[in-house]
Amino acid sequence: MPGPAGGDFLEEEAGSTCLPTEQRWAQHEPFCPWLLGERCRRRVPGRGAVAGLAGGRPGQEGAAGEAMQEAITITEQPVSISVPVGYSFTLRCRAKGSTLLQYQWFCQHQSDCHQIPGATNPDLPIIAEQTQLYTCRVNDLYRNAVFSDWVKVEVHQCVARGLPPRLWRGEPVIILNPMEQRVEVGKPLQLQCAAMGVPAPCYQWYRNGNLLEQHKRKKLWITHAKVSDSGTYLCCASNSHGEHWTNAVDVHVGTCVSEKFFATGKIALLVGNNHYQHHPNLMAPVKDVFELSRLLEQLGFQVVSLLDLNKAEMATAVSQFLQLLEKGVYAIFYYAGHGYEHLGRNYMVPVDAPQPYSPENCISVQRILQKMQQQQTALNIILLDTCRKWYNPGRALSQVQPLEPWGNTVYGYATSEDAEAYELQDGEFSSGIFMKYLKKHILKEKKVTHMLEDVLEDIGRDPLVTGKQVMEIKHTLKEARSLTDPICPSGAGAERWGHSHEPLSRTLTFPCGARAELRFLRLFSNLMSVCAKLQAPPAHVTATRLLLCQPPEMEAVAMQRESRLDHVETLLASVYKREELDCVFQLCGLQKIQ
């Protein structure tokens, strides 16, 4: 019985039957115990393997040998398949000959090859349980025999829920996507994918859109990687029913490979809601958002920090944030303000949300995270510094699909389920308990989840919130990624995030000769302080007074010193020298200006 070509056939990819048949058979001519000790002829391409039981040795030529070869012809070969465990399928073999034909199926698992009892029909129904090889022997009444091609039934024991689809016709279905790789020059590069299909799919790899002629298996292997091997890779799995493509992944060779992990960019959106129209005002978000933005900037993040957003403004900010996320990016979304939880869903309350809370007037955190995942980021972090009291048990939930199991997501909750998050007075300012300890640990070089565990432990030891507030961490982080990981940029999109244009300082000279320096200071992305300082007056000027006036076109966003944003000005004074604040004018709500 002709055996499978080479000892590595069991390890071959599901699409190996797409290789030329001669290549797979030419190296192997095993002993065939099922043919009474005779040695089998090599397979004749297109005809199956022929054996004459009445005489003739391999290699004999002539009219008798040719007559035996023509006696039986395989007209339909079985096909290899790649299916989930439990899948039912029928292998088919058809032949024609000058007499009545008899069929017998054989299977091989690892090195054990045996006849299948009772498998004497042209069709072999099977229920996929483990990966095996199959072949069929066809005999005629003259004791001539021919073997079909060996085929592989590849069985996948672990397949994602919902695969294959209910009305599956056998078209390729990707069940394993390649992963991003970072490789040193000269080291091996391996990418792997897998697909189900009936027939089993063939594979073809591409780099930067160009076909890689030598890479036609589900494992791409380059023994010694070169810098020129860097690029974006993807693979096409195809069979007679169609084709399906894997996700595209980036391969970096010789760049930043000394670091275990790196980000292609770091982007953060911080939102703090303080002044509510229909709910109690808060104090801590102002300082918390400011301090976190400064710390993240030290870590290389491009940060946008926004105060007091209504629902439309929050949705716009999130949308613009999501547009800049891409493969390899570390993304952080932080929210401080009113919030609530309902059946495991978390909602942020915009400043214009009416009483009572309801999902249609709030922003779903899970929906934001789902969209972050769709951008194929390397790390997604959601930090919620908000209450999680259960609310609105009778209201419908927002429609959110389950998160993909990509192992790159971290939730940091300031408090546990059905509990409140507390503020405390910290000198001149109010600060959240969560931020008090987060800023202590966030710059440390350790896995994100380990850093948050240190924060959790510190909060647990704080006597002010013992029995009231306990931080909670949820994550699927499978890699030891840290916020301190280096950045190896791959695009320019993130450079635009967080880099607003501040007007340059200028000096104004008045007709009387007095001079004033005008400075523009930005503590938040949507709040600017205009500061003026008088310079020494000319000798003929005996007294000066400086006023900053509100232009009519800025009525919607301008707030003067007497406004409710005194705590912002106090924060400003703590950052910049007090003598620079002779006259201050606050421009708030800059997101309202198009």
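Everything numeric here is computed off the predicted structure, so don't read it as measured data. (Residues numbered from 1 in each chain as written. Predicted model: local features only at pLDDT ≥ 70, side-chain atom pairs only at ≥ 80, totals over all residues. Heavy atoms only, no water.)

Colleague: Describe the overall build of the protein, with residues and values.
Modeller: A tally of helices and strands in the protein yields eight helices and 38 strands. A total of 594 residues make up the protein; the buried ones form 51% of that total. For the protein, contacts bridging at least 24 residues in sequence account for 69% of all contacts bridging at least 6. For the protein, the exposed area adds up to about 28600 Å²; of that, 51% sits on carbon and sulfur atoms. (Helix = DSSP H or I, 4+ residues; strand = E, 2+ residues; numbered from the N terminus. Buried < 20%, exposed > 50% of the residue type's maximum accessible area, 1.4 Å probe, protein only. Contact = heavy atoms within 4.5 Å. Areas by Shrake-Rupley, 256 points an atom, 1.4 Å probe, with all protein chains shown as cover.)

Colleague: So what's going on with the side chain of Thr386? Which residues, and what values?
Modeller: Relative to the elements of secondary structure, Thr386 occurs in the loop between β29 (379-385) and β30 (409-413). Of note is the side chain of Thr386, whose polar atom sits 2.9 Å from the backbone nitrogen of Gly339. Sequence-distant contacts of Thr386, that is, excluding residues within four places in its chain, are made with Tyr335, Gly337, His338, Gly339, Ala414, Thr415 and Ala421. (Polar contact = N/O pair within 3.5 Å; in protein donor to acceptor, adjacent residues only side chain to side chain.)

Colleague: An account of the pattern of salt bridges is requested, with residue identities and associated values reported.
Modeller: Should the charged atoms of two oppositely charged side chains come close, the side chains can pair. Evaluated as defined, the whole model comprises 18 salt bridges. The salt bridge involving Arg388 is made with Glu472; its shortest N-O contact spans 2.8 Å. Of this pair, Arg388 sits in the loop between β29 and β30 while Glu472 sits in strand β33 (residues 472-475), placing them 84 residues apart in sequence. Pair check on accessibility: Arg388 and Glu472 agree, each one buried. Residue Glu479 pairs with Arg481 through a salt bridge whose shortest N-O separation is 2.9 Å. (Salt bridge = Lys/Arg side-chain N within 4 Å of Asp/Glu carboxyl O.)

Colleague: Please give an account of the packing of helix α6 (residues 433-441) against helix α7 (residues 448-460) that cites residues and values.
Modeller: Closest axis-to-axis distance for the α6/α7 pair is 9 Å, and the angle between their directions is 135°. The orientation of α6 relative to α7 falls into the category oblique. For the element pair α6 and α7, the recorded crossing hand is right-handed. On α7, the residues touching Ile433, Phe434, Tyr437, Leu438, Lys440 and His441 of α6 are Met451, Leu452, Asp454, Val455, Asp458 and Ile459. Residue classes in the contact of α6 with α7 are distributed as eight nonpolar, one polar and three charged. (Axes fitted to C-alpha atoms, helices over the stretch in contact; angles between N-to-C directions. Parallel < 35°, antiparallel > 145°, perpendicular 65-115°, else oblique. Left-handed = near helix turned anticlockwise from the far one by under 90°. Nonpolar A, V, L, I, M, F, W, Y, C, P; charged D, E, K, R; others polar.)

Colleague: Quick rundown of the sheet that holds strand β24 (residues 302-307)? Include the residues and the values.
Modeller: Sheets are built from strands paired through backbone hydrogen bonds, the pairs being either parallel or antiparallel. Taken in spatial order, the six strands line up as β24-β23-β25-β29-β30-β33 in an open sheet, and their pairing is mixed. Since the sheet does not close on itself, it has two edges, and those belong to β24 and β33, each with one partner. Along the sheet, successive strands turn relative to each other by an average axial angle of 10°, direction set aside. Note: strand β25 (residues 329-336) against β29, seven bridges, orientation parallel. Paired with Ile332 across the two strands is Ile381, which belongs to β29. (Pairing = 2+ DSSP bridges.)

Colleague: Break down α7 for me, with residues and values.
Modeller: Every α-helix carries 3.6 residues per turn, so stepping three or four residues along brings you back to the same face. Taking 1.5 Å of rise per residue, the 13 residues of α7 would be expected to cover 18 Å, and the 19 Å separating its terminal C-alpha atoms lies within 8% of that figure. Looking only at α7, the buried set comprises Val448, Thr449, Met451, Leu452, Asp454, Val455, Asp458 and Ile459. Those residues of α7 that are buried are in contact with β29, β30, α6 and β33. (Expected span 1.5 Å × (residues − 1).)

Colleague: I'd like to hear about the packing of helix α3 (residues 284-298) against α6, residue by residue, with values.
Modeller: Close contact between α3 and α6 brings their axes to 10 Å; oriented N to C, the two are set at 15°. Between α3 and α6, the crossing angle belongs to the class labelled roughly parallel. For the pair α3 and α6, the crossing hand works out as left-handed. Contacts between α3 and α6 pair Lys287, Asp288, Glu291, Leu292 and Leu295 from the former with Met435, Leu438 and Lys439 from the latter. For the contact of α3 with α6, the class distribution of residues is four nonpolar, no polar and four charged.

Colleague: I'd love a proper account of the nonpolar core, names of residues and values included.
Modeller: If you look at soluble globular proteins, the nonpolar side chains tend to sit buried side by side. Leu296, Leu438 and Leu483 are the most contacted members of the largest nonpolar core, which has 46 residues in total. Where this core is concerned, the elements lending two or more residues are β23 (265-272), α3, β24, β25, β29, α6, α7 and β35 (515-524). Here this core spans two domains, since at least three of its residues come from each of domain 3 (265-392 + 403-475) and domain 4 (505-592). If you look at the next biggest cluster of nonpolar residues, it comprises 36 residues, including Leu306, Phe333, Met348 and Leu384. (Core = buried A, V, L, I, M, F, W, Y, C linked by side-chain atoms within 4.5 Å. Domains from an automatic or database assignment.)

Colleague: So what's going on with unusual backbone geometry? Which residues, and what values?
Modeller: Residue Pro199 is bonded to the preceding Val198 through a cis peptide linkage, with omega at 0°. Tracing the sequence through the fold places Pro199 in the loop between β16 (194-196) and β17 (202-207). For the peptide bond that leads from Gln355 to Pro356, omega is -10°, which places it in the cis range. Tracing the backbone through its elements, the reader meets Pro356 in the loop between β27 (345-348) and β28 (363-364). Although it is not a glycine, Arg143 adopts a positive phi angle of roughly 65°. Looking at the secondary structure, you find Arg143 in the loop between β10 (132-139) and β11 (144-147). Residue Arg143 is classed as partly exposed on the basis of its relative accessible area of 40%. Unusually for a residue other than glycine, Asn208 sits at a positive phi of about 55°. Along the polypeptide, Asn208 turns up in the loop between β17 and β18 (210-211).

Colleague: Got a sec to walk through the packing of aromatic side chains? Specific residues and values, please.
Modeller: Taken as a whole, this structure holds seven aromatic pairs when the rule is applied. Considering the side-chain rings of Phe106 and Phe147, the 6.0 Å spacing of their centres and the 45° angle between planes classify their relative orientation as tilted. You can see Phe106 sitting in strand β7 (residues 102-109) and its partner Phe147 sitting in strand β11, a full 41 residues away along the chain. Grouping residues by exposure puts Phe106 and Phe147 together as buried. Ring centres 5.1 Å apart and planes at 20° place the aromatic pair Tyr340 and Tyr347 in the stacked group. Each residue in the set Tyr340, Tyr347 and Tyr357 is aromatic and connected to the rest through ring pairs, giving one cluster. (Phe/Tyr/Trp six-rings, centres within 6.5 Å; stacked < 30°, edge-to-face > 60°.)

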